[in-house]
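These are the residues of each chain, in order.
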Amino acid sequence: MQAKTPSQSKTIMTDMVLPSETNPINNLFGGELLARMDRAASIAARRHSRRIVVTASVNHVAFNRAVPLGSVVTVEAKVSRAFKTSMEIFIDVWMEDRESGAKTKANEAIYTFVAVDETGRPIAVPEVLPESDLEKERYDAALRRKQLSLLLAGKIKPNEAVELKALFD
């Protein structure tokens, strides 16, 4: 199985915030944004694995800026790291100013997807070969996030979380 770069999974979805997608103060519903991010991440995971993929977890979501009615929103997703059958997808959300066209990072998220076969059993995925400095940073951090998740779930012991341990040495 040949390794792939994050750019090979890159998915960009652009859409406008409509009235039916907003809360009483005319900002995009958080749930609507989560759905958009899930769809983009799903496509990125499928591009990377070329398999059926399912959402395993939403590891992190930061709603840093409200996204007002009428905004043009761009969701960018890339696989940041692949493990045996799972993939971490990092998602950046950009908001375009209606008048100037300037883009501002509004939100970000990290999702985990698992590739499965036709019967729903997890299946191996290709490795990730990060290229840019940002991709390398996200790739390295993905292992720490995975170890922290496994540690909190009681699936590994503290001494097995070597990447986390290295942060404190």
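The structure displayed is predicted, hence computed values, not measured ones.

1. Here we look at helix α2 (residues 133-152)
Every α-helix carries 3.6 residues per turn, so stepping three or four residues along brings you back to the same face.
(1) Moving on: Here α2 is 20 residues long and its end C-alpha atoms lie 29 Å apart, about the 28 Å a rise of 1.5 Å per residue gives.
(2) Moving on: Considered for burial, the residues of α2 that qualify are Glu135, Arg138, Tyr139, Ala141, Ala142 and Gln147.
(3) Moving on: Once α2 ends, the next one or two residues include Gly154, with phi positive near 75°.

2. Considering helix α1 (residues 30-49)
(1) Moving on: An ideal rise of 1.5 Å per residue puts 28 Å on 20 residues; α1 measures up with 28 Å between its terminal C-alpha atoms.
(2) Moving on: Along α1, the residues classified as buried are Leu33, Arg36, Met37, Ala40, Ala41, Ala44, Ala45, His48 and Ser49.
(3) Moving on: In this structure, the buried residues of α1 make contact with β1 (11-16), β2 (52-63), β3 (72-82), β4 (86-96) and β5 (103-116).
(4) Moving on: Looking at the residues trailing α1, positive phi occurs at Arg50, about 55°.

3. A look at the pattern of salt bridges
(1) Moving on: Taken as a whole, this structure holds seven salt bridges when the rule is applied.
(2) Moving on: Lys105 is the partner of Asp92 in a salt bridge, and the nearest nitrogen-oxygen pair spans 2.7 Å. Here Lys105 lies in strand β5 and Asp92 lies in strand β4, a separation of 13 residues in the sequence.
(3) Moving on: The class of Asp92 is buried, set by a relative accessible area of 10%.
(4) Moving on: The class of Lys105 is partly exposed, set by a relative accessible area of 31%.
(5) Moving on: Two residues, Glu108 and Lys105, come together in a salt bridge whose shortest N-O distance is 2.7 Å.
(6) Moving on: Via salt bridges that share partners, Asp92, Lys105, Glu108 and Arg138 belong to a single interconnected network.

4. What about the side chain of Ser49?
(1) Moving on: Tracing the backbone through its elements, the reader meets Ser49 in helix α1.
(2) Moving on: At 2.9 Å, the side chain of Ser49 and the backbone oxygen of Ala45 are in polar contact.
(3) Moving on: A distance of 3.2 Å separates the side chain of Ser49 from the backbone nitrogen of Arg51, its partner in a polar contact.

Reading guide: rules and limits
- Residues numbered from 1 in each chain as written.
- Predicted model: local features only at pLDDT ≥ 70, side-chain atom pairs only at ≥ 80, totals over all residues.
- Heavy atoms only, no water.
- Helix = DSSP H or I, 4+ residues; strand = E, 2+ residues; numbered from the N terminus.
- Expected span 1.5 Å × (residues − 1).
- Buried < 20%, exposed > 50% of the residue type's maximum accessible area, 1.4 Å probe, protein only.
- Contact = heavy atoms within 4.5 Å.
- Salt bridge = Lys/Arg side-chain N within 4 Å of Asp/Glu carboxyl O.
- Polar contact = N/O pair within 3.5 Å; in protein donor to acceptor, adjacent residues only side chain to side chain.

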